[in-house]
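Here is what each chain is made of, one letter per residue.
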Amino acid sequence: MGNANIKMNIYEEASHCLMCLDAPCTKACGTGDPARAIRAVRFDNNRLALQWVKNCTDEDLERAEQACIHYNSPIRIRGLIRSILEDDVDNSNYPDLGIVFCGIRCENPFFLASSAVCTNYEMVAHAFDMGWAGVFYKTICIDDIYEVSPRFDAIHYAATKGGFFGFRNMEQLSENSVEVDFDILRRLKKDYPAKVVIASIMGKNEEEWAALAKMAEEAGCDAVELNFSCPQMKTEGMGSDVGQNPELVRTFTACVKRAVRIPVIAKMTPNITRIAEPAEASLQGGADALSAINTIKSVTMSQKAEVFDQRTVSGYSGRAVRPIALRHVLEMAQMPQKPVLSGIGGIETWRDALEFIQLGCSNVQVCTAVMQYGYRIIDDLILGLRRYMKKCGVTSLQELVGEQLPSFTKPSQMNRTTIVYPKFNLDDCIGCGRCAISCSDGGHQAIVFDSETRQPRLVGKKCVGCHLCRLVCPTGAIDLTKRVEKKGVPKA
C-alpha cells in the first residue's frame, strides 16, 4: 500500500492554521514568513508558497513550529513546507488583470460586496491600499436603520469553531445618515481616483430611488447599484420584495436611468424560482449590468443567535452557496440579451472567482471571506489568477469571461451511452475502506474490500460510473479512466 511514501496533505494541514493577526510562527522564524506561505496554501496557491520560505533552514522552521499557538496541536510547519512542490510556471511578466466593467476600467476584477466589510471611509481606504480594485459600498437608504444584536450566525463542521462554511446574517443597510455616506463616497473617489467606487442604494418609491441615484452621481461615484435583493428588510416593499416583482424592478430601474448618466447595475435576488424574469425586466428598464446573488433566505437554530428568545428568516452566504450562485449567474448569462455581469456568492479563492468569470462575469464581489480572513486575501486572489493566466497562455482577463458557457447543455442532451470507470491507485490508498462503505450504502455495491490486505477492488459489472467513491476518498487515491461505450446500450 506504500503508506510510508504518502506525503502530507498540505491543504488539510493548512486548513488548521488559525491565520493569526501577528503570526507568532513568522516572528520566531526570523528568516522567512511561514505564516504567509501557509496562507498561500490555504487559498489554493501552494505552488507559490515557497517564495516566502525559500531561505529558511530546518532550524528556522522548527522555531516557527514551536511558536505556533494552535489550541490543539501545532501546525506541522516543517512537514508542510517540505511537501510543497516547486512552481512550474515562470513568475516573471505575469499578465495584467485589468478589465473593463460597464465602460469603467478596473485594475483587477476583485471588489468588496455591499455589506459589513465596507461601512466607513477607513475600512474601504484600507482595502484599496491593500489592492482591492473597487467597492460596492454598503447600501444607502433614506430610512433610519437600527440593527438587531446579535445579527450573525454560522454553520461549522461538527464541533469546530472559528472556521465556517455557511454564514447567516440579519444585517440590513447602512446605519449612517445619507449625508455621511455620500460624503464618505465623495472622499473615497477624491483620494483614490483610480479605484472604482459604486454606491449601492435602496428606495421605497420612484422619488427615493431617483434622489439617491442623483446623490451618488453628484458624489462622484462611478456607478450605482440598485439593491433589489436584501432578504431581511423590516419594511415591506423593499429589498427582495421588489426583486421578486419584475414590474417593480423594471419601473425602478427605468426611473434611476432617467435620473443619472452613470452606469446602473441591478442586484438580483436568489430567492426566486427563475432569476431571469426580474433580470430581463431590469434590462428592459435600461440596466447596464446585473449583479448576483444576494444572500439566500435561511434559518439557523443556534440559541446564542436568538434576539430575546426570538428567531427569524435571514440571509445565508459563504462557501456553501457558491454552486447556487453559479447556477443563477449561468441562467442570466444564457439570456438572449447577454448582459454584463458581476458575480457574488461564496468566493474565497482565486479559483472560486475564476468560475464566475468563466460563466460570464466581468468582476466578482467578496464579502463573507473578508469577514472571516480580512482584506489580506486579495494578495492570493490576485497572485493565483495571474499565475493561472500565465500557465494557460492567456494575456487578457477578458479572454476568460464566459469561456465555459458553451460547455453547458440541457440534461436531456447529455450523453448517456458511455461510462467513465474509477481507477484505484493503491500506492496512495491507506486502506480506510471509505469507498466501500459509501458504494455499499449509497451507491451500487460495486466495491469489494479485502480486510486482510486492506485494499478495495472494483466489480466492473456492477459499477455505474457515478464516482461517489472518488469523492469520499480522503487521500485522492481514486481517479478517472478513459471514457468507453456502455455495453448493451444503444447509441444515441
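Structure first, text after, so check above.
Residues numbered from 1 in each chain as written. Predicted model: local features only at pLDDT ≥ 70, side-chain atom pairs only at ≥ 80, totals over all residues. Heavy atoms only, no water.

Looking at this model, I keep getting lost on the sheet that holds strand E12 (residues 314–317). Mind explaining?
In a beta sheet, neighbouring strands are held together by backbone hydrogen bonds and run either parallel or antiparallel to one another. Pairing is antiparallel in the open sheet, where four strands are placed in the order E5-E6-E12-E11. At either end of the open sheet lies a strand with only one pairing partner, and these are strand E5 (152–155) and strand E11 (296–298). Across the sheet, the mean angle from the axis of one strand to that of its neighbour is 35°, orientation sign disregarded. Of the pairings in the sheet, the one linking strand E6 (residues 166–169) to E12 comprises three bridges and is antiparallel in character. (Pairing = 2+ DSSP bridges. Helix = DSSP H or I, 4+ residues; strand = E, 2+ residues; numbered from the N terminus. Axes fitted to C-alpha atoms, helices over the stretch in contact; angles between N-to-C directions.)

Please explain empty space enclosed by the protein as it appears in this structure.
Summary: where empty space remains is shown by rolling a probe the size of a single water molecule over the atoms. Under the definition given, this model contains four cavities of 30 Å³ or more. Taken as a whole, the largest cavity encloses approximately 440 Å³ of empty space. Forming the boundary of the largest cavity are 35 residues, of which Ser-114, Ser-115, Asn-294, Thr-295 and Cys-367 lie nearest the centre. Contributing elements (two or more residues each) for the lining of the largest cavity: strand E4 (134–140), E6, E12, strand E14 (361–366) and helix H14 (368–373). For the second largest cavity, the calculated volume is near 120 Å³. Taken together, 16 residues make up the lining of the second largest cavity; nearest its centre are Cys-429, Cys-435, Cys-473, Ala-477 and Ile-478. The residue inventory of the lining of the second largest cavity, partitioned by class, reads 11 nonpolar, four polar and one charged. (1 Å grid on protein atoms, 1.4 Å probe; cavity = no way out; pocket = protein on both sides within 12 Å on 5 of 7 lines; lining within 4 Å. Points joined across faces, edges and corners; volume = space filled by probe spheres on them. Nonpolar A, V, L, I, M, F, W, Y, C, P; charged D, E, K, R; others polar.)

Explain helix H3 (residues 34–42) here, please?
Since the α-helix advances by 3.6 residues per turn, residues separated by three or four positions end up pointing in the same direction. Within H3, nine of the nine residues are buried, which leaves the element mostly enclosed by the surrounding structure. For H3, the full list of buried residues reads Pro-34, Ala-35, Arg-36, Ala-37, Ile-38, Arg-39, Ala-40, Val-41 and Arg-42. Packed against the buried residues of H3 are helix H1 (10–15), helix H2 (24–29), helix H4 (58–67), helix H5 (77–82), H14 and helix H15 (378–392). (Buried < 20%, exposed > 50% of the residue type's maximum accessible area, 1.4 Å probe, protein only. Contact = heavy atoms within 4.5 Å.)

Where do I start with the environment of Ala-49 in this structure?
On the secondary structure map, Ala-49 appears in the loop between H3 and H4. Once the C-alpha coordinates of Ala-49 and Arg-82 are considered, the two residues, 33 residues apart in sequence, prove to be 11 Å apart. Apart from the residues within four sequence positions on either side, Ala-49 is in contact with Ala-37, Ala-40, Val-41 and Ile-84.

How should the packing of H3 against H15 be read in this particular structure?
Each packed pair of helices is defined by two parameters, the angle between the axes and the distance between the axes. Following both chains from N to C, one finds H3 and H15 inclined at 60°, their axes separated by 10 Å at the closest point. It follows that H3 is oblique to H15 by the angle criterion. Between H3 and H15 lies a crossing whose hand is right-handed. In this structure, H3 contributes Arg-36, Arg-39 and Ala-40 to the contact, and H15 contributes Asp-379, Asp-380 and Leu-383. Tallied by class, residues from the contact of H3 with H15 come to two nonpolar, no polar and four charged. (Parallel < 35°, antiparallel > 145°, perpendicular 65-115°, else oblique. Left-handed = near helix turned anticlockwise from the far one by under 90°.)

Looking at this model, I keep getting lost on the pairing of strand E17 (residues 447–450). Mind explaining?
For a regular strand, side-chain orientation follows a simple rule: the groups alternate between the two sheet faces. Pairing between E17 and strand E18 (residues 455–458): four bridges, direction antiparallel. Following the sheet pairing, Phe-449 is matched in E18 by Pro-456. Linkage of E17 to E18, two consecutive antiparallel strands, is achieved through a turn of four residues, within which Arg-454 is found at a positive phi near 55°.

Would you take a moment to explain the packing of aromatic side chains for this structure?
Centre-to-centre distance and the angle between the planes together describe a pair of aromatic rings. Tallied over the full model, the rule gives eight aromatic pairs. Both rings, one in Phe-43 and one in Tyr-373, keep their centres 5.2 Å apart while their planes meet at 80°; by these two values the pair is edge-to-face. Taken together, the residues Phe-43 in the loop between H3 and H4 and Tyr-373 in helix H14 connect sequence positions 330 residues apart. Ring geometry for Phe-152 against Phe-167: centres 5.1 Å apart, planes inclined by 45°, an arrangement best described as tilted. A residue pair is termed long-range when its members are at least 10 positions apart, and Phe-152 in strand E5 and Phe-167 in strand E6 qualify at 15 residues. Its relative accessible area of 33% is what places Phe-152 among the partly exposed residues. In this structure Phe-167 comes out as buried when scored by relative accessible area, which is 7%. (Phe/Tyr/Trp six-rings, centres within 6.5 Å; stacked < 30°, edge-to-face > 60°.)

Help me understand the sheet that holds strand E9 (residues 264–267), please; the structure alone is not making it clear to me.
Strands sit in the order E3-E4-E7-E8-E9-E10-E13-E14 around a closed barrel of eight strands; the barrel is parallel. The average angle at which neighbouring strand axes cross in this sheet is 25°, direction not considered. Where strand E3 (residues 110–112) meets E14, three bridges bridge the pair, whose relative direction is parallel. Each residue of the ladder has a partner; that of Phe-111, found in E14, is Gln-365.

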